[in-house]
Amino acid sequence: MTHHAEPPAGDVATATDPAGGPSSPGGRDRRTRAAGSSTTPAAETRRLIRRQRRSRWDLKLSPYLYISPFFILFGLLGLYPLLYTGYLAFFDWNRAYYVRGDFVGLDNFRFVLTDPVFIKSLVNTFSIFLMSSVPQVILAVSIAALLDRNLRAKTFWRMSVLLPFVVAPTAAVLIFGSLFADQYGLINQFLESIGLQPILWHVDRWWSHLAISGMVNWRWTGYNTLIFLAAMQAVPRELYESAAIDGAGRVRQFLSVTLPMIRPTMIFVIITSTIGGLQIFTEPRLFDNTPNREGGPDHQYMTSTLYIYVKGIEDQFYGRASAAAWVLFLIIVGIAILNFAITRLLTRRSA
Amino acid sequence: MRTTNHRPRSGSAFAGPRRRNRFLAASAVTALVLGVTSACGGGSDPTESAEQEQLAEGETLTITTFGEFGYDALIEEWNEANPDVQVEQTKVSLWDDWKNELNTLLQANEGLPDVVAVEGDFMPALVAAPERWVDLSSDEVEGRWLDFKEAAATTPDGALLGYATDAGPEAICYRSDLFKKAGLPTDRAEVAKLMGTWDDYYALGEKFVKALPNTAWYDASGSIAQAMLNQVEYPFEEADNTVNVENPELEAVYETVTSHTEALSTKNAQWSDDWNASYTNDGFATIPCPGWMRANIKTNTGEPAPKGVVWDIADVFPGGGGNWGGSYLTVPKSSTHQEEAQEFAAWITAPEQQAKVFEVTGNFPSQVEALEDPVVLESTDEYFNNAPAGEIYSNRAAAIDVQPYHGPLYSDILGKFQDAINRVDQGTDPGESWDKFLSEVEALQ
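Residues numbered from 1 in each chain as written. Chains lettered and ligands numbered in written order. Predicted model: local features only at pLDDT ≥ 70, side-chain atom pairs only at ≥ 80, totals over all residues. Heavy atoms only, no water.

Novice: What's the story with the sheet that holds strand β3 (residues 115-119) of chain B in this structure? I'm lost.
Specialist: Within a sheet, neighbouring strands are paired by backbone hydrogen bonds and run either parallel or antiparallel to one another. All names here are of chain B. Read across the open sheet, the five strands follow the order β2-β1-β3-β10-β4; overall the sheet is mixed. One side of each edge strand has no neighbouring strand; the edge strands of this open sheet are β2 (87-92) and β4 (163-164). Pairing of strand β1 (residues 61-66) with β2, which is carried by six bridges, proceeds in the parallel orientation. Along β2, the bridge assignment pairs T62 with E88. (Pairing = 2+ DSSP bridges. Helix = DSSP H or I, 4+ residues; strand = E, 2+ residues; numbered from the N terminus.)

Novice: What exactly am I supposed to notice about the nonpolar core here?
Specialist: The tendency in soluble globular proteins is for nonpolar side chains to be buried as a group. Residue and element names in this part refer to chain B. Formed by 48 residues in total, the largest nonpolar core has its most connected members in W217 and F417. When residues in this core are grouped by element, the largest group, seven residues, is from helix α19 (residues 410-425). Beyond its immediate sequence surroundings of up to four residues, F417 is in contact with A225, L229, F236, L250, V253, Y254, W434 and F437. Of all hydrophobic cores here, the second largest spans 47 residues; its members include I63, Y71, V87 and A164. (Core = buried A, V, L, I, M, F, W, Y, C linked by side-chain atoms within 4.5 Å. Buried < 20%, exposed > 50% of the residue type's maximum accessible area, 1.4 Å probe, protein only. Contact = heavy atoms within 4.5 Å.)

Novice: I keep staring at the interface of chain B and chain A and nothing clicks. Help me out?
Specialist: Quite often, the size of an interface is put as the accessible area lost when its parts meet. Listed by partner, the interface residues are 46 residues for chain B and 42 residues for chain A. Considering only the surface of chain B that becomes buried against chain A, Q107, D274 and Q426 of chain B emerge as the three largest contributors, covering 18% of it. Scanning the region where chain B abuts chain A turns up three salt bridges. Close ionic contact of K436 of chain B with D298 of chain A constitutes a salt bridge, the shortest N to O distance being 2.8 Å. If you look at where chain B meets chain A, you find 14 residue pairs in polar contact (both at pLDDT 80 or more). For the side of chain B that touches chain A, the elements supplying multiple residues, two or more each, are α2 (15-41), α4 (95-108), α12 (273-277), α19 and α20 (430-442) of chain B. Taken together, the residues that form the side of chain B that touches chain A break down as 16 nonpolar, 18 polar and 12 charged. (Buried area = accessible area lost by both parts, 1.4 Å probe. Salt bridge = Lys/Arg side-chain N within 4 Å of Asp/Glu carboxyl O. Polar contact = N/O pair within 3.5 Å; in protein donor to acceptor, adjacent residues only side chain to side chain. Nonpolar A, V, L, I, M, F, W, Y, C, P; charged D, E, K, R; others polar.)

Novice: What's the story with the packing of helix α11 (residues 248-264) of chain B against α19 of chain B in this structure? I'm lost.
Specialist: If you want to describe how two helices pack, look at the angle between their axes and the distance between the axes. Residue and element names in this part refer to chain B. The contact between α11 and α19 brings their axes to 10 Å, and the two run at 25°. As the angle between them shows, α11 and α19 are arranged roughly parallel. The two elements α11 and α19 cross, and the hand of that crossing is right-handed. Residues L250, V253, Y254, V257, T258 and T261 of α11 form the contact with α19, whose own contacting residues are F417, A420, I421, V424 and D425. (Axes fitted to C-alpha atoms, helices over the stretch in contact; angles between N-to-C directions. Parallel < 35°, antiparallel > 145°, perpendicular 65-115°, else oblique. Left-handed = near helix turned anticlockwise from the far one by under 90°.)

As structure tokens, this is what we get:
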């Protein structure tokens, strides 16, 4: 940047010219003109080479610069914690002094995998996941199909399915808390008023899972519905016309036209809701009303992420929590791959 | 749709630069990870005191409290008198939430306030690892507190790590309207005579539920368990901090509480939605009642009380006395204004200030002089049928004869013990629940 004589306008032109490079016609043009000018040819060539180099770097580097914020953040908040957690999983943790203790090999993994509470939390995680993700996807597709029709006040209906998603989970849990309270909850008072036995939502393992997945479904169904709806609207209308001409009814059209056409979106939603469903935390944490909040006194609805939180933040065993986090991470990766393989297999077969 | 097939072919022409890019990317990620690792690893020694600084213009001394310490007016008073040391308070609603955050901040050794309020149950953990905290002992505060409060914050080397705020001597609060309905005496002196021992208390309960079968005798099995536990000398840990939960005293508390669950308890977990609701639904008749519990009773029952509801306080506690709760103010070594922090903490925990807190929130002082303060002694509580609250709680404080030993794991094990009690509330067999408790305590070590 020592050449003050360089006209700034030309510099900007080169830098912003997307085709600026050794082969660009503009560059060649300018070089011919430069040869006829009064500056020494050698200096001019140097200047041009530098400029070309700069513009080549610009082409090569700036795209990476543009996308770098994500990767820097991912490195800081995603990759680094992931790797450091893996590292910590092999160490003891000194609870009193808040520092890392000795290297203990696989002890933490051994502890976690033989801890009945962790096994119980895994079973709970899968049970809540199945009770939430499966009905959620089915419901979302059906509602989206209904919304894809020509309705009056379309935008109103479409936006209202998203409403639960806007409500903060904490607020939602407060509302559901008074619905599902064991003694004075709305649902139980209703059941008792028509002469039925009240349901012990916080006591019975499976009922508690149902209540929690109810909250999850309430929140996420609308969100997935909108994604499905967007995909359905991209399906060419001619396909429905020709299907109708072939004599296909509404249901047949849905099964044979809509579903195959939105398959890529299906894969996306299934994978994201699998990952989300295996990491449910807020709902069971706040659903719990015992002072300890460890997923019920008998850990009836403790999910694996809650187990990690309790072990790490509450009980201050960072090594064990890290080991549990890695076990859960590997399980989720495994299931995501499995999901992907199954959906791909299905796609191929029908294609 | 098969245009994607072209991609690898055209890509192969750039194999050279691409490989280089991959190398570049890999090295960038490595550099980033290493950089972050070393940045985090290079933190200063947390046991070293932070370098002390002057409070600059506009800078404040920070304090974090939880629940209701009743400090708003007092801090205003301090700020007016000390323009150079302005104090700013952050309030967290629940101790359990603050405990988790405090642990996280201690891990990071970053972001701790200058003055940290901690629950009494957490003090043993501090005393067991005192290197992170400032020794606050001074001539000014010597002998300020009840002996047991001061002892709980003192290390074997004689360092005082916290200034006590309040204490929690327990009385029994009762619904005198429900007592009347059940045909029991309602006068607080007569009621006190009927609850001298735990056997008397449970027997009176049996009588009560026979007359009013839809109302439980006490608010939660957990609170009765806590009350009985506060009279056991070594509840979970021996004097040398070895964990011993299979001792006859603890087993006796567990057996007594769980054997009465079915007949006398609401079976609600403390602090739950159902527990809150049971105040207004004639859910129970009595509750172990430290000074600070009165604020909960008022909020949950409603102020003014619903028609017909009459609360009262009996000057008695089954089995003698008991202390439940009471907090401390501490100063972490990470504070850059330790002197000012100590000065402020000493001022706000002084007897005169804590007597004012008692008037506002009912938190009972732990300072010897405040206990003799006429403001405290002569105070009555209108909500509780004009009971002489000051006199009752002073008597209750004097009746405390056992100070349970709390080791560093006390508050963690207490959580697991409460879970065990709650499991029985939910219908688990007491023996099975006890075995689970033993294995969970095992996992804490």
